[in-house]
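Observations on the model geometry
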Amino acid sequence: MNEHDTHPTDSVVVDCDRCLVRGPSACGDCVVTFLLGAPPAGIQIDAEEMAALGVLSDAGLTPPLRLVTPVAGPETQAG
């Protein structure tokens, strides 16, 4: 299994408004901007499309997806 193997039901929702690295330096070198122009409100990419984008990126034909989203961490309480 390689890094582009995914399950057919997997999908990624790209919400540019939630991307932690959104800005001229990251967006200018992101596959979403490369393919669609200015970042959209959001798009959904299915597993087959993600695999195809990975192949194009690995071959140097498109930039990679630069999406970085926040991850919920463990809940902590101040004591």
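Quick summary incoming for the structure in this document. (Residues numbered from 1 in each chain as written. Predicted model: local features only at pLDDT ≥ 70, side-chain atom pairs only at ≥ 80, totals over all residues. Heavy atoms only, no water.)

Topic: the overall build of the protein
Applied cut-off: Helix and strand assignments come from DSSP, with helices taken as H or I runs of at least 4 residues and strands as E runs of at least 2, each series counted from the N terminus. For the exposure calls, accessible area comes from a 1.4 Å probe over protein chains only, and a residue counts as buried if that area is under 20% of its type's maximum, exposed if over 50%, partly exposed in between. A contact between two residues is defined here by any heavy atoms of the two lying within 4.5 Å. Using the Shrake-Rupley algorithm and a 1.4 Å probe, accessible areas are obtained, with residue cover drawn only from the displayed protein chains.
What the protein contains, in helices and strands, is three helices and two strands. In the protein, the order of α-helices and β-strands from amino to carboxyl end is β-α-α-β-α. Out of the 79 residues belonging to the protein, those deemed buried represent 23%. Sequence-distant contacts, at least 24 apart, represent 76% of the contacts inside the protein between residues at least 6 apart. Total accessible area on the protein stands at roughly 5,700 Å², and carbon and sulfur atoms take up 57% of it.

Side note on the nonpolar core
Put simply, the test is: Put simply, buried Ala, Val, Leu, Ile, Met, Phe, Trp, Tyr and Cys residues joined by side-chain atoms within 4.5 Å make one nonpolar core.
Listed in full, the seven residues of the largest apolar core are Val14, Cys16, Cys30, Val31, Val32, Ile45 and Leu53. Residues within four places of Leu53 in sequence aside, it is in contact with Val31, Leu35, Ile45 and Thr62.

Examining a nonpolar patch on the surface
Selection rule: Residues enter patches when they are more than 30% accessible in relative terms and free of salt bridges; like-charged ones are connected within 9 Å and nonpolar ones (Val, Leu, Ile, Met, Phe, Trp, Tyr) within 5 Å. Note on definitions: salt bridges are taken to be side-chain nitrogens of Lys or Arg within 4 Å of carboxyl oxygens of Asp or Glu.
Among the surface-exposed residues, Leu20, Val21 and Val68 lie close enough to one another that they form a single nonpolar patch of about 240 Å² accessible area. The residue Leu20 is located in the loop between strand E1 (11-14) and helix H1 (24-27) in this model.

Details of the pattern of salt bridges
For the structure on display, the rule yields two salt bridges. Its salt-bridge partner being Arg22, residue Asp17 comes within 2.5 Å of it at the nearest N-O pair. Close ionic contact of Arg66 with Asp29 constitutes a salt bridge, the shortest N to O distance being 2.4 Å. A residue pair is termed long-range when its members are at least 10 positions apart, and Arg66 in the segment after helix H3 (47-58) and Asp29 in the loop between H1 and helix H2 (31-36) qualify at 37 residues.

Examining the state of the cysteines
Rules: In what follows, a disulfide is any cysteine sulfur pair within 2.5 Å.
Under the defined criterion, the tally for this structure stands at zero disulfides. Free cysteine Cys19: the closest other cysteine sulfur is in Cys27, separated by 6.5 Å. Between Cys27, a cysteine without a disulfide, and Cys16, which holds the nearest cysteine sulfur, the sulfur-to-sulfur distance is 6.4 Å. Residue Cys27 is classed as buried on the basis of its relative accessible area, which comes to 17%.

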